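So you can see what is in the structure, the chains are spelled out below.
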Amino acid sequence: MRLAVFVSEYREPEMLERLKAEKLGIVLVQNGVYHAALKKDGNVSPVLSKDVEYYALSEDLQSRGFSDSDVVDSKVKVINYDGLVDLIFNDYEKTIWL
Amino acid sequence: MAIKKIAFIVEKLPYKSETSRLALTHAIASQTVEIHLEDGDNVEPVLAFVGDGVLNCLKNQKALEVYGVSSLEAHVKNALLLDLRVLVCKEDLEGFGLTEDSIVMDAEEIGGEVTTQVVPYEEIQQDLESADHLMFF
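Residues numbered from 1 in each chain as written. Chains lettered and ligands numbered in written order. Predicted model: local features only at pLDDT ≥ 70, side-chain atom pairs only at ≥ 80, totals over all residues. Heavy atoms only, no water.

K.L.:
Can you help me understand the nonpolar core in this one?
P.N.:
What tends to happen in soluble globular proteins is that the nonpolar side chains get buried as a cluster. Ranked by size, the top nonpolar core spans 54 residues in total, and within it A:L28, B:L47, B:F49 and B:L55 carry the most contacts. If sequence neighbours within four positions are ignored, B:L47 has contacts with B:F8, B:V10, B:L24, B:A27, B:A79, B:L84, B:R85, B:V86 and B:L87. Core analysis: the second largest hydrophobic core is formed by 11 residues, B:V46, B:L87, B:C89 and B:I124 among them. (Core = buried A, V, L, I, M, F, W, Y, C linked by side-chain atoms within 4.5 Å. Buried < 20%, exposed > 50% of the residue type's maximum accessible area, 1.4 Å probe, protein only. Contact = heavy atoms within 4.5 Å.)

Here it is, written out as structure tokens:
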């Protein structure tokens, strides 16, 4: 299963630890983009600690006062809405929201 | 004539919910409209950002372009324009690795004269204690 997981809150969803997939992508949207743009007390968000694909939505970053280059971890790829649509249709079979 | 001090404390993030916008709207409204709690009473609002709430004050928010809604940055500037006391918790700002440069400190471009005050939480606590009413958002 190729699974894209949308994270839209700035807290670590409990379910994230349990999910298994042959290919897992975490898409940071809405308030989830704070995981990508901020360190808390100098530490990167635990949400970014997995060995999976990471994406953050550019529009949601910019709405909140960040630029695409503010992303704190290089493994997070910044995409726009068009890129997100491509991702869902081409790279993943299923999507879920946490 | 008695003054009622109301503290609006924002601890939520912007945009995912309307919560922090409501706080700003109420605080601004209580400053601009003559609200009488009882006959002769007036209101003195203070607006404080703590915890995740400090992120409402980040500069360069593009919510108008992306979502078509006014940004929280614009609301903070409006609050400053109306001489509202705006406090931002120093410890929480530093916790996110942010400085005064990253947040809205003044609204000079629209004619605001007061500036945001970045203060230790202790000072915000004093405001909470001296307020007649506390509103948490």
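K.L.:
Please explain the pattern of salt bridges as it appears in this structure.
P.N.:
Between side chains of opposite charge, a pair can form as their charged atoms come close. Applying the stated criterion to the full structure yields 11 salt bridges over all chains. As a salt-bridge pair, A:E17 and A:K50 come within 2.9 Å of each other at their nearest N and O atoms. Taken together, the residues span a long stretch of sequence, with A:E17 in helix α1 (residues 15-18) and A:K50 in the loop between β4 (43-44) and β5 (53-57) at a distance of 33 residues. Its relative accessible area of 15% is what places A:K50 among the buried residues. Between B:D52 and A:K40 there is a salt bridge; the shortest N-O distance is 3.4 Å. Here A:K40 lies in strand β3 (residues 39-40) and B:D52 lies in the loop between β2 (42-49) and α2 (63-66), a pairing that spans two chains. (Salt bridge = Lys/Arg side-chain N within 4 Å of Asp/Glu carboxyl O. Helix = DSSP H or I, 4+ residues; strand = E, 2+ residues; numbered from the N terminus.)

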